[in-house]
Amino acid sequence: MSKLLVAAELRELDRKVVWHAFSQMSSYDGLIIDSAEGCWLTDIDGKRYFDGASSLWCNIHGHRHPHIDQAIRDQLDRVAHVTNLGMSHPTTISLAKRLVDCSPGGLGHVFFSSDGASAVEVAMKLAFQYWRQCPIPERKRTTFLALGCAYHGDTLGTVSVGGVSRFHAMFEPLLFPVLRGPCPDSFRLPVGIESGQAADYYLGEYRRILEQHAEEIIAVIVEPLIQGAAGMLVHPPGFLGGLAKLCVEFGCLLIADEIAVGMGRTGKMFACEHESVTPDFLCIGKGLTGGYLPMSATLTSHRIWQAFLGSHEDSRSFLHGHTYGGNPLAAAAAHATLDVFEMERTLKTLPAKAEVLRNGLNALRSHPEVGDIRQVGMMAAIELVSDKVRKTPIPWQMQRAGQVCRQVLKKGVWLRPIGNVIPIIPPLSATESEIEILTNALVFGLS
Ligand SMILES: *Cc1c(COP(=O)(O)O)cnc(C)c1O
């Protein structure tokens, strides 16, 4: 009896006191999770749900993984926090070295923050300051080139480079101007463009912008391969590699925001590896600690690092920091997450799992509302449409994807929609039979 009362009270407080992210609080009705194990969440009523969104795209090896749990406990017995300003800690130092060693193309320096948006802000500010301090300064470089429908976080700097109007239009008067190219969407191609020509078409558009503006551009910022928050929009193969080549040709820096796609999500440790790209900045977040603790990192090259060196009076330092940057508890979780990638050979297991996911989702292809099914590694989505041939979106106000997710929840699977899109992002540790539970629940949800 007391348990029931407690649950009701919790629900009431959760609706009235806790202001949930990206939620309309007047009709809020979310689950309250009490505990979790592996890929399964248990709510305060004891009901179990498969974590089909990896706790918002960050869980990698499952919840309560014994190795990660133990690493955090062991770290707790030493120290929970050491400031990054003028001090350091062995766990954090060795994590930085380990990230350098697994980064694409040997990015040798790591700046730690606590969340993804901050890691992107750091990359943007470092890139800006670089052009003022590099051997031949280029002070005209004051703008970024960003992609259509980009999402890089919710702070005002990252919203400025962002381009999802539903999230970002409200704040327009507060944002700084950026140059924006088209979203290299493979699903809705411009009229007359076939899929085989898509990468070349979009790269041509970026070339045009660079030809006109290269001297003003600090950096091009991109979510490699797949734009998650925009609705899992997949780029045509070759686009990322071509964009990186354009940056070299026109002398702009490249910021790769791998906050969603890094840490194995696309089948390789980092999405840039698929197209042999070494960016000037690599932003990592979400899965960095296995989905355990807030930590993000901005990796950069020796060329950038070099431009910030000098005497104290030179004022070349990067005057930016976050109180918990490099936090040792989070660093211990990140170390353990990388350990588990090795111990469980996670990347080797992914092709077979991704195939099971692909086959399971294929069963939905003939459904009248399923306009597109897209997938890169263990990152997939279904887009719902009202007309399959014209690819007409169902008005987002109808919340059709939300209705489907509520049906799916009845089968014990938790998914979180974005507009008309249902992202399917299971933890990398999900077994093949768990992935089948997930896709079967979707078949039910859409029926
Ligand atoms: C989630 C995300 C961010 C922001 O990370 P936060 O930790 O939520 O600040 C930035 N970029 C991409 C691509 C993301 O998916």
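Residues numbered from 1 in each chain as written. Predicted model: local features only at pLDDT ≥ 70, side-chain atom pairs only at ≥ 80, totals over all residues. Heavy atoms only, no water.

### A closer look at the side chain of His61
Here is step 1: Structurally, the position occupied by His61 is in the loop between helix H2 (54-57) and helix H3 (66-76).
Here is step 2: Using a relative accessible area of 5% as the deciding quantity, one classes His61 as buried.
Here is step 3: For His61, the side chain forms a polar contact with the main-chain oxygen of Thr337, separated by 3.0 Å. (Helix = DSSP H or I, 4+ residues; strand = E, 2+ residues; numbered from the N terminus. Buried < 20%, exposed > 50% of the residue type's maximum accessible area, 1.4 Å probe, protein only. Polar contact = N/O pair within 3.5 Å; in protein donor to acceptor, adjacent residues only side chain to side chain.)

### A few points about the nonpolar core
Here is step 1: If you look at the biggest cluster of nonpolar residues, it comprises 94 residues, and the most contacted ones within it are Leu99, Met263, Leu361, Leu384 and Leu442.
Here is step 2: Counting residues per element, this core draws most heavily on helix H9 (residues 239-250), which supplies seven residues.
Here is step 3: When residues of this core are assigned to domains, at least three map to each of domain 1 (31-61 + 347-445) and domain 2 (70-343).
Here is step 4: Those residues in contact with Leu442 that sit more than four places away from it in its chain are Leu361, Leu364, Ile382, Val408, Leu415, Ile422 and Ile424.
Here is step 5: Counting residues in hydrophobic clusters, the runner-up holds 25 residues, among them Trp131, Ile218, Phe281 and Ala307. (Core = buried A, V, L, I, M, F, W, Y, C linked by side-chain atoms within 4.5 Å. Domains from an automatic or database assignment. Contact = heavy atoms within 4.5 Å.)

### Some points on the site of the ligand
Here is step 1: Close contacts around the ligand come from Trp57, Asp115, Gly116, Ala117, Tyr151, His152, Gly153, Glu223, Asp257, Ile259, Ala260 and Lys286, and that covers them all.
Here is step 2: Lys286 places a side-chain nitrogen or oxygen 2.6 Å from an oxygen atom of the ligand.
Here is step 3: Contact with the protein chains hides 81% of the accessible area of the ligand, taken as 380 Å² for the molecule alone.
Here is step 4: Of the residues belonging to the shell around the ligand, the class tally is five nonpolar, three polar and four charged. (Near = heavy atom within 4 Å. Areas by Shrake-Rupley, 256 points an atom, 1.4 Å probe, with all protein chains shown as cover. Nonpolar A, V, L, I, M, F, W, Y, C, P; charged D, E, K, R; others polar.)

### So, a nonpolar patch on the surface
Here is step 1: On the surface, a nonpolar cluster with roughly 440 Å² of combined accessible area is contributed by Leu156, Met170, Phe171 and Leu174.
Here is step 2: Along the chain, Leu156 turns up in helix H6 (residues 156-161). (Patch = residues over 30% accessible without salt bridge, like charges linked within 9 Å, V, L, I, M, F, W, Y side chains within 5 Å. Salt bridge = Lys/Arg side-chain N within 4 Å of Asp/Glu carboxyl O.)

### A word on the packing of H3 against helix H11 (residues 328-343)
Here is step 1: Between H3 and H11, whose axes approach to 8 Å, the crossing angle comes to 150°. Regarding the angle of H3 to H11, the classification is roughly antiparallel. H11 is crossed by H3, and the crossing has right-handed handedness. Where H3 approaches H11, its residues His67, Ile68, Ala71, Ile72, Gln75 and Leu76 are matched on the opposing element by Pro328, Leu329, Ala332, Ala333, Ala336, Thr337, Asp339, Val340 and Met343. (Axes fitted to C-alpha atoms, helices over the stretch in contact; angles between N-to-C directions. Parallel < 35°, antiparallel > 145°, perpendicular 65-115°, else oblique. Left-handed = near helix turned anticlockwise from the far one by under 90°.)

### With respect to the pattern of salt bridges
Here is step 1: With the rule as written, the count across this model stands at 17 salt bridges.
Here is step 2: A salt bridge links Arg207 to Glu249; the shortest N-O distance between them is 2.8 Å. In this pair, Arg207 is assigned in helix H8 (residues 198-213) and Glu249 in helix H9, connecting sequence segments 42 residues apart.
Here is step 3: Accessibility expressed as a relative area gives 30% for Arg207, which makes it partly exposed.

### Thoughts on helix H4 (residues 90-102)
Here is step 1: The end-to-end C-alpha separation of H4 is 19 Å, in line with the 18 Å expected for 13 residues at 1.5 Å each.
Here is step 2: Within the span of H4, buried status applies to Thr91, Thr92, Leu95, Ala96, Arg98, Leu99 and Val100.
Here is step 3: On the buried face of H4, the contacting elements are H3, strand E4 (109-113), strand E11 (281-284), strand E12 (296-300) and H11. (Expected span 1.5 Å × (residues − 1).)

### What to know about the domain arrangement of the protein
Here is step 1: When its domains are assigned, the protein resolves into domain 1 (31-61 + 347-445) and domain 2 (70-343).
Here is step 2: A separation of 26 Å is found between the C-alpha centroids of domain 1 and domain 2.
Here is step 3: Opposite the 31 residues of domain 1 that make contact, domain 2 presents 28 residues.
Here is step 4: Carbon and sulfur atoms supply 67% of the area that domain 1 and domain 2 bury against each other, a total of about 2500 Å² over both sides.
Here is step 5: Inspection of the domain 1/domain 2 interface yields one salt bridge.
Here is step 6: For Arg188, the salt bridge goes to Glu383, with nearest N and O atoms at 2.6 Å.
Here is step 7: Put simply, domain 1 and domain 2 have 12 residue pairs in polar contact (both at pLDDT 80 or more) between them.
Here is step 8: Secondary structure elements with two or more residues in the side of domain 1 that touches domain 2: H2, helix H12 (346-362), strand E13 (370-376), strand E14 (379-387) and strand E17 (421-424).
Here is step 9: When residues of the side of domain 1 that touches domain 2 are assigned to their parent elements, the largest contribution, five residues, is made by E14.
Here is step 10: Here the side of domain 1 that touches domain 2 is built from residues that sort into 21 nonpolar, six polar and four charged. (Buried area = accessible area lost by both parts, 1.4 Å probe.)

### A short note on H9
Here is step 1: For H9, which comprises 12 residues, the first-to-last C-alpha distance of 16 Å matches the rise-based estimate of 16 Å (1.5 Å per residue) to within 8%.
Here is step 2: Of all 12 residues in H9, nine are buried, a share of seventy percent or more.
Here is step 3: Buried residues of H9: Phe239, Leu240, Gly241, Gly242, Leu243, Ala244, Leu246, Cys247 and Phe250, and no others.
Here is step 4: Buried residues belonging to H9 abut strand E5 (143-147), H8, strand E7 (217-222) and strand E10 (253-257).

### With respect to the packing of helix H13 (residues 400-410) against helix H14 (residues 432-446)
Here is step 1: The interhelical angle for the contact between H13 and H14, taken along N-to-C directions, is 125°, at an axis separation of 8 Å. Overall, the two elements H13 and H14 adopt an arrangement that is oblique. As for how H13 packs across H14, the hand of that crossing is right-handed. In this structure, H13 contributes Arg400, Val404, Gln407, Val408 and Lys410 to the contact, and H14 contributes Ala441, Leu442, Phe444, Gly445 and Leu446.
Here is step 2: Broken down by class, the residue content of the contact of H13 with H14 amounts to six nonpolar, two polar and two charged.

### Focus: the pairing of strand E1 (residues 33-37)
Here is step 1: The sheet contact formed by E1 and strand E2 (residues 40-43) spans four bridges and is antiparallel. Across the sheet, the residue bridging to Glu37 is Trp40, located in E2.
Here is step 2: In this structure, the hairpin formed by E1 and E2 is closed by a connection of two residues, where Gly38 is found at a positive phi of approximately 55°. (Pairing = 2+ DSSP bridges.)

### Concerning the packing of aromatic side chains
Here is step 1: Summed over the entire model, instances satisfying the criterion amount to eight aromatic pairs.
Here is step 2: Between Tyr130 and Trp131, the ring centres sit 5.0 Å apart and the planes meet at 75°, which makes this aromatic pair edge-to-face. In terms of burial, Tyr130 and Trp131 fall into one category: buried.
Here is step 3: Through successive ring pairs, a cluster of aromatic residues spans Phe22, Tyr151 and Phe167. (Phe/Tyr/Trp six-rings, centres within 6.5 Å; stacked < 30°, edge-to-face > 60°.)

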